[in-house]
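Architecture at a glance
In case you want the letters, here they are:
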Amino acid sequence: MSARTAAGIATMLGSAASNQVGAAVGAHAFPLIGPAGVVAVRQVVAAAVLLPLARPGVRRFTWPQWWPTLLLAVVLATMNLSLYTAVDRVGLGLAVTLEFLGPLAVALAGSRTRADLLGAAIACAGVYVLVRPGPSSDYLGVGLGLLAASCWAGYIVLNRVAGARLPGLQAPAVATSISALLYLPVLLTMHRGGLGYALTAGLLSSAVPYAADLIVLRFVPPRLFGVCMSLHPVFAALAGVAFLGQILHARHWAGIALVVTANALAVRSSTTQLRSAQDNCPGSDRETVDGVTSIRRKRG
C-alpha cells in the first residue's frame, strides 16, 4: 500500500468518524431544541459550505432544472428530520444502520447477479437481527429510520436527474439552502441553549466530511471510497457508546456487521459492473457508481 493510499484511507476514516461524532454531539441538544432544531442548524451550516463552492446561477434555472432541485430540498428536509428523530428514539448506531439501507437498495435494484442477491439476503438478515420485533420494540423509531433510508434512495434518484441538468454541485447547494429555509420557523422559535451543540454537529457532520471527501476523491479509487463509507454504521455505533452511553447488545453488533458487509458487497459489485460497461463503451469516462456518488454528496 502506497503512502498516498494510506493517507487517503486515514482521511476517509477520519471523515466518517467526524460525521458520526457530530451526530452524537447534536444528540446532546435534543432535550433543549429537539431533533428539528439540530437539523435546522445543520442545514444552515451545510448551505454555508456548499453555496460558495457551487455558486449556482438560480436566475438562469429552467423548470426542468427547478423541479428535481425542489423535490431534492423536500427529501433532504425529511431525511434529516426522520434520521435525527430516529436517533433520539432508537440510538445512533441502529438509526444510521437503517438509513444505510437506502443507498444499498438503489445499488441492488434491478440486479440479478449472485453477489447482489447475496448482499440483499445478508442485508435482510442484518435488519431482522437488529430490530427483532418484540413487545419492547420502538416501532416508530425503526419506521423513522426506514423513512430516512427511503429518502436517501429518493435523494440518489433525484440527484441523478438534477446532476444531469445542472453542472457541479449546484443542485445539492440550492436544495440544501431551500431545505434550510423550510426550517426557518424552527430557527426563529427554538431555544438558544443547544445552539453550541447544534453548530458543532453541523461543522463535524457537514463541513469537515465534505472538505475531506473533496480532497480524498482526487486520488482514492471509488470502490475503496465506497467500502470505507460503508463503515459509517460502525462509527455511529461507536460514537453512540462513547458520547451517549448507548450500549449495544451482541445481536446489534451482529446486525450492523451484516448490513456493513452487504453495503461493501454492493459497492464492489457495482464498481465491477461499471468497469465492465466502460470496457464495452470506451467513450465513457464516468468514475463513480450511484451508491458512492450519493454517499459523497450527502452532506446536507
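For clarity, every value in this text was computed on a predicted model and none was experimentally measured.

Rules and cut-offs
- Residues numbered from 1 in each chain as written.
- Predicted model: local features only at pLDDT ≥ 70, side-chain atom pairs only at ≥ 80, totals over all residues.
- Heavy atoms only, no water.
- UniProt positions renumbered as here; feature names shortened; annotations may be inferred.
- Helix = DSSP H or I, 4+ residues; strand = E, 2+ residues; numbered from the N terminus.
- Core = buried A, V, L, I, M, F, W, Y, C linked by side-chain atoms within 4.5 Å.
- Buried < 20%, exposed > 50% of the residue type's maximum accessible area, 1.4 Å probe, protein only.
- Contact = heavy atoms within 4.5 Å.
- Salt bridge = Lys/Arg side-chain N within 4 Å of Asp/Glu carboxyl O.
- Axes fitted to C-alpha atoms, helices over the stretch in contact; angles between N-to-C directions.
- Parallel < 35°, antiparallel > 145°, perpendicular 65-115°, else oblique.
- Left-handed = near helix turned anticlockwise from the far one by under 90°.
- Nonpolar A, V, L, I, M, F, W, Y, C, P; charged D, E, K, R; others polar.

Digging into the UniProt feature "transmembrane region" (unreviewed entry) in the protein
UniProt's feature table lists "transmembrane region" (unreviewed entry) at residues 66-84, 90-110, 139-158, 170-188, 194-212, 224-244 and 250-267, given in the numbering used throughout. Helix and strand shares over residues 224-244 are 90% and 0% respectively, and the end C-alpha atoms of the span are 30 Å apart.

Description of the nonpolar core
Counting 47 residues, the largest nonpolar core has V38, L92 and Y155 as its most contacted members. Elements represented by at least two residues in this core include exactly α1 (3-27), α2 (30-54), α3 (63-90), α4 (92-99), α7 (139-165), α8 (170-182), α10 (195-216) and α12 (232-244). If you tally residues by element for this core, the top one is α3, at 10 residues. Excluding residues that lie within four positions of it along the chain, V38 makes contacts with G26, A29, F30, I33, Y84, A198 and A201. Counting 17 residues, the second-largest nonpolar core is a separate cluster that includes I122, V131, A237 and V259.

Considerations on the pattern of salt bridges
One pass over the full model with this rule turns up one salt bridge. A salt bridge links R89 to D138, with the nearest nitrogen and oxygen atoms 3.2 Å apart. A residue pair is termed long-range when its members are at least 10 positions apart, and R89 in helix α3 and D138 in the loop between α6 (114-131) and α7 qualify at 49 residues. Here R89 falls in the partly exposed class, since its relative accessible area comes to 41%. Under the relative-accessibility criterion, D138 is labelled partly exposed at 22%.

Overview of the environment of P172
Positionally, P172 belongs in helix α8. Between the C-alpha atom of P172 and that of L72, which follows or precedes it by 100 residues, the distance is 7.6 Å. If we ignore the near neighbours within four places in the chain, the residues touching P172 are L50, L72, Y155 and N159.

Some words on the packing of α3 against α7
Two elements in contact, α3 and α7, have axes whose closest approach is 8 Å; the angle formed by their N-to-C orientations is 155°. Taken together, the axis directions place α3 and α7 in an arrangement best described as roughly antiparallel. The chirality of how α3 crosses α7 is left-handed. The residue makeup of the contact of α3 with α7, split by class, is 22 nonpolar, eight polar and two charged.

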